[in-house]
Amino acid sequence: MSSETPKRYIRFQKPVVIQHYILMLSVLGLMFSGYMLYSIKSAETGFDPTDYFSYSLWEQIHIWFGILLGLTILWHFLYILFTLYGHSDFLHILPNKSDLKSLIGLGFRKSVIKKRRFGLQEKLTYWIIGVYLILMVITGLLQYANVYTVNYISRSLYIYIDGFHGMYGLLMGIILTVWHLYSIFLKPGRFPGTLSWWDGKISSEEMNRYQEARGEITDESDTGTGNPG
Amino acid sequence: MSHIGKLLPFLLLIVGVTITYAQVPENDNRCLDCHSNSTQLAALTEQPERFHIPSDFKDQSVHNEINCIGCHADPGGYPHPEVLGLLQCGNCHKNESEDYLSGPHGNPLTVSLELAPKCGDCHNVHLIRKSSNVLSKVHVKNEAKTCTQCHEIKDQKRNILNITNRVDYDIPNRTIKKGIHFFNSKISDNSNLLTCSRCHGVHSLSEKIGKNWLNDYLIEADFCGECHTSETISFKGNLHFSQKISSLNGNISLTCTDCHQEHLISNDKYQYNEEKSAGQMTGKCLECHQSVRISGKFAQVAKGHSPNIDSFHGASSIGGDLFFSDCSSCHGIHELNSYTGRDKEEVKLDIIAKCGTCHPNAAANFVSSPVHMAQGELLDSEESIARYIFLALIVTMISLIVLSIIGDFYKLYLRKKN
Ligand code: HEM
Ligand code: HEM
């Protein structure tokens with residue numbers, strides 16, 4: 001390898017990269033088709049998607065993307081539970097004491113913590129988006145099966161499920177995605193972005209840049225879990 | 001060839017002409033000599049077309065037994081007197097004439113004599129054919145075209161707008177022909193085609209539903225009921241029919257054409273086309289039921305007043321789904337189910353059963369949701385609480401993100417400073 005192209009180390013295993021690809025595809029598909037479903041019912045958006053497909057076809061499209069998302073989440077669960085890398089990554093992304101430390105002074109003071117694989121920002125992204133997606137899948141499925149579910153759950157609960165999954169859910173999704181893209185590409189320390197989503201690899205320069213921005217230092221006696229590779 | 005042989009064609013011609021002329025009464029030949037001859041007429045009068053009569057008109061006319069002076073006063077020789085007495089059709093056709101004079105077409109009180117349609121406008125003047133003759137203007141197949149001579153507003157002088165000022169009397173021919181009654185092959189054998197006169201009557205235009213329908217909506221229902229028996233029986237038990245609806249026009253009820261239209265009668269609900277007519281039934285009901293007064297009276301008070309648009313059912317039917325539910329799914333069509341004023345528990349069971357026809361698992365919780373929803377309708381308290389919570393969540397999310405972004409750049413600034 002020439003000295004100009006720095007060596008790139010594996011940051012995410014193949015399954016994680018593939019899971020992320022499917023995530024991108026299904027979430028974008030769900031947002032689009034969800035917006036169409038919303039437009040059919042609401043005059044606010046000012047156009048009528050049934051000019052292109054019938055209501056049930058839009059619903060079918062939405063559901064199939066939803067199933068794709070659901071299956072990916074299931075795969076991710078199995079992956080973190082039963083594979084070595086998955087399990088280890090999951091332990092790394094669990095919040096721990098070092099996150100509290102990094103929060104001291106809201107991060108404005110330099111916190112003396114060891115280099116880590118994931119900083120607070122990454123952990124938050126993972127957990128917030130994860131919880132959001134799981135909620136979307138559950139509320140989506142309950143909506144899909146509404147005819148059965150309304151027999152068993154109260155009307156109040158259904159109002160929250162229905163309300164969460166609709167336009168508000170979509171808005172939250174958009175906000176989270178924009179935030180995610182900002183913190184991957186634009187945030188100080190991240191700019192001008194990374195290709196790790198493409199092949200799961202990053203260079204040591206990138207990793208150091210992340211860690212420095214997070215205010216992490218290397219303990220001389222420890223190479224740090226954050227070391228690439 | 002002999003001389004006789006050479007003369008034979010001429011002889012035959014003479015015999016033929018003699019026989020033909022012999023059949024027409026003598027007088028008529030005299031009249032037709034001039035009146036069937038356009039050139040001669042043109043020399044004699046300024047209105048040759050008006051006085052032109054085809055020489056063979058009698059072959060097809062029902063009046064072939066009557067000669068010219070049977071209807072026209074004898075003009076004597078030529079030149080004729082200025083005004084020739086005309087024997088009125090009513091002299092022989094007494095009943096028809098009386099009917100005509102009593103109805104809107106002939107009553108001088110309703111229509112000026114100059115513009116009024118006269119016998120000849122529908123029957124022709126000379127070439128009067130039997131109504132069973134397909135060429136007759138009053139044959140069922142041609143009737144619509146005959147009536148629309150005036151009733152379709154084109155730029156003709158005698159259009160219905162000039163005569164009556166009533167725009168609603170403008171009935172284009174193509175509209176009638178699009179209607180299901182005109183096209184339905186089951187009833188389109190010539191005898192049974194439902195065309196103008198079947199509903200409006202013929203001369204007095206009042207035999208059937210043309211008559212005072214405003215006061216007597218029964219006439220229309222009974223008339224349609226002649227064929228649509230079961231629908232009419234159900235409909236007569238229907239609140240729309242039995243309970244007179246008070247309106248500015250006085251007390252009227254809904255009757256068949258209020259939903260089905262009059263001339264363009266079609267079976268909307270099952271016509272799935274690009275116009276998304278699946279939603280039309282709902283639209284029809286909404287014409288009246290979005291009125292605050294009507295919906296207030298019929299117990300939709302609790303939830304706004306325009307039913308069904310924003311609900312799943314409304315969306316799927318308006319969105320063109322083939323399997324959908326609309327007003328009629330719960331309320332019925334001709335045999336309207338009224339839920340107003342009934343025992344609450346009984347209504348609940350009834351509605352659960354109705355939901356159950358499409359949703360076999362429907363149970364008690366089904367009826368706890370509002371049934372009718374509308375765009376922009378006020379939410380009930382629980383729904384608005386949910387909405388506020390989600391809005392608050394979103395606002396919080398955005399604020400935190402903005403703060404964190406500001407923080408990120410402030411940290412960058414601090415790092416650069418050190
Ligand atoms: C990021 C993920 C998702 C987003 C952004 C999203 C967005 C939406 C939106 C905007 C609507 C329209 C709600 C309305 O009409 O007010 C909707 C409806 C719906 N979604 Fe999703 N959705 C997502 C995931 C899912 C999943 C995973 C499923 C199921 C497996 C699902 C099933 C449904 C169903 C059944 C409806 C109701 C359709 C209807 O009203 O007829 N959604 N979604
Ligand atoms: C559309 C373009 C997207 C790009 C370019 C992108 C890129 C990335 C990258 C580079 C990472 C690794 C971050 C790191 O190195 O720590 C990542 C992680 C992640 N992405 Fe995406 N992503 C995209 C869309 C999405 C979407 C739509 C979702 C789900 C809503 C999503 C959910 C996640 C999650 C949960 C993680 C793990 C948390 C983390 O490591 O920060 N991504 N993404």
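Positions within a chain are numbered from 1, following the residues in the order the chain's sequence is written. Whichever chain is written first is A, and whichever ligand is written first is 1; the rest continue in order. In keeping with the predicted nature of the model, local features appear solely for residues at pLDDT of at least 70, side-chain atom pairs appear and are counted solely at 80 or more, and the whole-chain, interface and lining totals rest on all residues. Hydrogens are left out, water is left out, and the side-chain values use all remaining heavy atoms of the structure.

## So, the pattern of salt bridges
Any two side chains of opposite charge can pair if their charged atoms end up close together.
Residue and element names in this part refer to chain B.
Working step 1: Any carboxyl oxygen of Asp or Glu that lies within 4 Å of a side-chain nitrogen of Lys or Arg is treated as forming a salt bridge with it. Overall, the coordinates contain 12 salt bridges over all chains when judged by the stated rule.
Working step 2: The shortest N-O distance in the salt bridge between Asp-350 and Lys-354 comes to 3.9 Å. Note that Asp-350 and Lys-354 are positioned in helix 22 (residues 344-358) at a spacing of four residues, about one turn of the helix.
Working step 3: The structure contains a network of salt bridges with shared partners spanning Arg-342, Glu-346, Asp-350 and Lys-354. In this description a helix means any DSSP run of H or I spanning at least four residues, a strand means any run of E spanning at least two, and both kinds are numbered starting from the N terminus.

## Side note on the side chain of Ser39(A)
Working step 1: By secondary structure assignment, the location of Ser39(A) is in helix 1 (residues 14-41).
Working step 2: A contact between two residues is defined here by any heavy atoms of the two lying within 4.5 Å. Setting aside anything within four residues of it in sequence, one finds Ser39(A) in contact with Thr45(A), Phe47(A) and Pro49(A).

## Here's the deal with the coordination of the iron atom of ligand 2
All names here are of chain A.
Working step 1: Coordinating donors are taken to be N, O and S atoms lying within 2.8 Å of the metal, or within 3.2 Å when the metal is Na, K or Ca; because water is excluded from the atom set, some sites may appear incomplete. Surrounding the iron atom of ligand 2 are the protein donor atoms His-20 (NE2) and His-180 (NE2), at 1.9 to 2.1 Å.
Working step 2: Note on geometry labels: four donors, all angles 85 to 135 degrees, give tetrahedral; four donors become square planar and six octahedral when opposite donors are over 155 degrees apart and every other angle is between 65 and 115; remaining cases are irregular. One can describe the donor arrangement at the iron atom of ligand 2 as octahedral, given that its six donor atoms subtend angles of 86 to 179 degrees at the metal. Of this pair, His-20 sits in helix 1 while His-180 sits in helix 7 (residues 155-186), and the two are 160 residues apart along the sequence.
Working step 3: Each residue is assigned to one of three classes by its accessible area relative to the maximum for its type, calculated with a 1.4 Å probe on protein chains only: buried under 20%, partly exposed between the two thresholds, exposed over 50%. Given a relative accessible area of 27%, His-20 falls into the partly exposed group.

## Here's the deal with the site of ligand 1
Working step 1: For each residue, the test is whether any non-hydrogen atom lies within 4 Å of the molecule or strand; if one does, the residue is near. Close to ligand 1 lie 22 residues, the nearest being Lys41(A), Tyr55(A), His62(A), Gln143(A) and His165(A).
Working step 2: Proximal residues around ligand 1 fall on chains A and B, making this an inter-chain site.
Working step 3: Side-chain atoms alone can form a polar contact between residues adjacent in sequence; in general such a contact is a pair of N or O atoms within 3.5 Å, and within protein one must be able to donate a hydrogen while the other accepts it. Here Tyr55(A) contributes a side-chain N or O atom positioned 2.5 Å from an oxygen atom of ligand 1.
Working step 4: At 2.7 Å, a side-chain N or O of His62(A) approaches a nitrogen atom of ligand 1.
Working step 5: At the level of secondary structure, the elements contributing two or more residues to the shell around ligand 1 comprise helix 1, helix 2 (55-82), helix 5 (120-144) and helix 7 of chain A.
Working step 6: Among the elements that take part in the shell around ligand 1, helix 5 of chain A stands out by supplying seven residues, more than any other.
Working step 7: Taken together, the residues of the shell around ligand 1 break down into 13 nonpolar, seven polar and two charged. Three residue categories are used. Nonpolar comprises Ala, Val, Leu, Ile, Met, Phe, Trp, Tyr, Cys and Pro, charged comprises Asp, Glu, Lys and Arg, and polar comprises the others, including Gly.

## Remarks on the nonpolar core
Generally speaking, nonpolar side chains in soluble globular proteins are found buried as a group.
Working step 1: Side-chain atoms within 4.5 Å are what join buried Ala, Val, Leu, Ile, Met, Phe, Trp, Tyr and Cys residues into a set we call a nonpolar core. Core analysis: the biggest nonpolar cluster contains 24 residues, and Leu69(A), Tyr132(A), Leu133(A), Phe164(A), Met172(A), Leu176(A) and Phe390(B) have the highest contact counts within it.
Working step 2: Mapped by element, the contributors of at least two residues to this core are helix 1, helix 2, helix 5 and helix 7 of chain A together with helix 23 (381-417) of chain B.
Working step 3: By residue number, the principal contributor to this core is helix 7 of chain A, which donates nine residues.
Working step 4: Aside from chain neighbours lying at most four places away, what touches Met172(A) is Tyr132(A), Phe164(A), Phe390(B), Leu393(B), Ile394(B) and Met397(B).
Working step 5: Formed by 12 residues, the second largest nonpolar core is a distinct cluster that contains Val147(A), Ile153(A), Ile161(A) and Ile352(B).

## Focus on the packing of aromatic side chains
Working step 1: Between 30 and 60 degrees the pair is tilted, below 30 it is stacked and above 60 it is edge-to-face, where a pair is any two Phe, Tyr or Trp rings, Trp via its six-membered ring, whose centres lie within 6.5 Å. Summed over the entire model, instances satisfying the criterion amount to 12 aromatic pairs over all chains.
Working step 2: Taken together, a centroid distance of 6.1 Å and an interplanar angle of 65 degrees make the contact between Phe32(A) and Trp58(A) edge-to-face. Of this pair, Phe32(A) sits in helix 1 while Trp58(A) sits in helix 2, and the two are 26 residues apart along the sequence.
Working step 3: With relative accessibility at 5%, the residue Trp58(A) sits in the buried group.
Working step 4: Every member of this aromatic cluster is reached through a ring pair, and the members are Tyr160(A), Phe164(A), Tyr168(A) and Phe390(B).
Working step 5: For a ring to carry a charge above it, either NZ of a lysine or CZ of an arginine must fall within 6 Å of the ring centroid while also lying within 35 degrees of the normal to the ring plane. Geometry around Tyr210(A) places Arg190(A) over its ring, the cationic atom sitting 3.8 Å from the centre.

## A closer look at the confidence of the model for chain B
Parts of the prediction with low pLDDT should not have their coordinates interpreted in detail.
Residue and element names in this part refer to chain B.
Working step 1: Scored from 0 to 100, pLDDT reflects the predictor's confidence in each residue. Residues at a pLDDT of 70 or more form 69% of chain B, whose mean pLDDT is 74.
Working step 2: The secondary-structure element of chain B with the lowest mean pLDDT is helix 1 (residues 3-23), recorded at 52, while helix 23 shows the highest, at 90.
Working step 3: In the predicted structure, residues 269-278 sits below a pLDDT of 50 and forms 19 contacts with residues beyond four places in sequence or in another chain.

## Regarding a nonpolar patch on the surface
Residues and elements named next belong to chain A.
Working step 1: Nonpolar side chains collect at one region of the surface, where Trp-64, Ile-67, Leu-71, Leu-74, Leu-78, Leu-81 and Phe-82 lie side by side and expose about 790 Å² of accessible area between them.
Working step 2: Turning to its location among the elements, Leu-78 is positioned in helix 2.
Working step 3: Owing to a relative accessible area of 45%, Leu-78 belongs among the partly exposed residues under this scheme. Two distance rules govern patches: like charges are joined within 9 Å, and nonpolar side chains (Val, Leu, Ile, Met, Phe, Trp, Tyr) within 5 Å, applied only to residues with over 30% relative accessible area and no salt bridge. Method for areas: the Shrake-Rupley scheme with a 1.4 Å probe, in which residue coverage is limited to the protein chains shown.

## Notes on the packing of helix 3 (residues 84-93) of chain A against helix 5 of chain A
All names here are of chain A.
Working step 1: Contact geometry of helix 3 with helix 5 gives a least axis separation of 10 Å together with a crossing angle of 110 degrees. By the angle between their directions, the pair helix 3 and helix 5 is classed as roughly perpendicular. Of the residues in helix 5, those in contact with Phe-90, His-92 and Ile-93 of helix 3 are Glu-122, Lys-123, Tyr-126 and Trp-127.
Working step 2: Grouping the amino acids of the contact of helix 3 with helix 5 by side-chain chemistry returns four nonpolar, one polar and two charged. Axis lines are fitted to C-alpha atoms, over the contacting stretch for helices. Their N-to-C directions set the angle, which ranges from 0 to 180 degrees. Just so you know how the angles are binned, under 35 degrees is roughly parallel, over 145 roughly antiparallel, 65 to 115 roughly perpendicular, and the rest oblique.

## A word on the interface of chain A and chain B
Working step 1: With 36 residues of chain A at the interface, the matching set in chain B holds 41 residues.
Working step 2: The term buried area denotes the loss of accessible surface (1.4 Å probe radius) that occurs when two parts are joined, taken as the sum for both partners. Approximately 3300 Å² of surface area, both sides summed, lies buried where chain A meets chain B, with 64% of it carried by carbon and sulfur atoms.
Working step 3: Its salt-bridge partner being Asp408(B), residue Lys187(A) comes within 3.9 Å of it at the nearest N-O pair.
Working step 4: Inspection of the region where chain A meets chain B yields two residue pairs in polar contact (both at pLDDT 80 or more).
Working step 5: Contributing elements (two or more residues each) for the side of chain A that touches chain B: helix 1, helix 2, helix 6 (146-149), helix 7 and helix 9 (204-213) of chain A.
Working step 6: Looking at which element gives the most residues to the side of chain A that touches chain B, the answer is helix 7 of chain A, with 13 residues.
Working step 7: By residue class, the composition of the side of chain A that touches chain B is 21 nonpolar, nine polar and six charged.

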